[in-house]
Amino acid sequence: MTTTEAAGLPVGEQDEQHGADHGMHGYHKQKDEHLKRLRRIEGQIRGLQRMVDEDVYCIDILTQVSASTKALQSFALQLLEEHLRHCVADAAVKGGDEIDAKVEEATKAIARMMRT
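Calculation notes
Residues numbered from 1 in each chain as written. Predicted model: local features only at pLDDT ≥ 70, side-chain atom pairs only at ≥ 80, totals over all residues. Heavy atoms only, no water. Helix = DSSP H or I, 4+ residues; strand = E, 2+ residues; numbered from the N terminus. Expected span 1.5 Å × (residues − 1). Buried < 20%, exposed > 50% of the residue type's maximum accessible area, 1.4 Å probe, protein only. Arc of directions from axis to C-beta. Contact = heavy atoms within 4.5 Å. Patch = residues over 30% accessible without salt bridge, like charges linked within 9 Å, V, L, I, M, F, W, Y side chains within 5 Å. Areas by Shrake-Rupley, 256 points an atom, 1.4 Å probe, with all protein chains shown as cover. Salt bridge = Lys/Arg side-chain N within 4 Å of Asp/Glu carboxyl O. pLDDT = per-residue confidence, 0-100.

**Comments concerning helix 5 (residues 97-115)**
Argument step 1. Taking 1.5 Å as the rise per residue, helix 5 with 19 residues should run 27 Å; its terminal C-alpha atoms sit 28 Å apart, in good agreement.
Argument step 2. Here helix 5 has its buried residues at Lys102, Ala106 and Ala109. Buried residues of helix 5 fall within an arc of 60° about the axis and therefore sit on the same side. Residues of helix 5 that are exposed and point more than 90 degrees away from the buried face comprise Asp97, Asp100, Met114 and Arg115.
Argument step 3. Next to the buried residues of helix 5 lie helix 4 (58-94).

**Comments concerning the environment of serine 68**
Argument step 1. You can see serine 68 is positioned in helix 4.
Argument step 2. A residue is classified by how much of its surface remains accessible, and serine 68, at 4% relative accessible area, is buried.
Argument step 3. With 20 residues separating them in the primary sequence, serine 68 and leucine 48 have C-alpha atoms 9.1 Å apart.
Argument step 4. Residue contacts for serine 68: discarding those within four places in its chain leaves Gln44, Ile45 and Leu48.

**Focus: a nonpolar patch on the surface**
Argument step 1. Together, Leu35, Leu38 and Leu72 give the surface a local cluster of nonpolar side chains, amounting to about 220 Å² of exposed area.
Argument step 2. Examined against the element boundaries, leucine 35 turns out to sit in helix 3 (residues 31-53).
Argument step 3. Classification of leucine 35 by relative accessible area gives partly exposed; the value is 33%.

**Topic: the confidence of the model for the chain**
Argument step 1. Taken as a whole, the chain shows an average pLDDT of 82; of its residues, 78% reach a score of 70 or greater.
Argument step 2. Ignoring residues within four places in sequence, the model shows residues 1-22, a span with pLDDT below 50, making 14 contacts including any to other chains.

**Focus on unusual backbone geometry**
Argument step 1. Although it is not a glycine, aspartate 55 sits at a positive phi angle of roughly 55°.
Argument step 2. In this structure, aspartate 55 sits in the loop between helix 3 and helix 4.
Argument step 3. For aspartate 55, a relative accessible area of 69% translates into the label exposed.

Structural data, given as structure tokens:
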């Protein structure tokens with residue numbers, strides 16, 4: 001699910017909301033590492049499905065849910081850091097209204113992360 005989908009906006013409106021001309025994303029240099037990490041998390045989720053299918057003890061499943069949740073939170077935090085270092089810093093250099101928009105966008109992302 002994309003951030004736009006999570007925010008309840010159709011995927012097609014993503015470019016309108018964030019601008020189609022924002023170049024490389026902050027995570028670009030670590031893309032392969034991120035994909036590897038997400039595949040590992042995906043494996044954890046599939047493991048949860050197997051555990052439920054095999055009627056594993058509730059507490060054991062909850063332990064794995066906690067581990068999967070922490071892995072996603074850690075991934076999100078790293079992505080946020082890269083966003084701040086790249087996208088927000090780039091907007092600060094450009095100045096104008098763009099920096100305010102990027103800071104507001106990052107603040108909303110942090111607020112969403114804190115709700116989970």
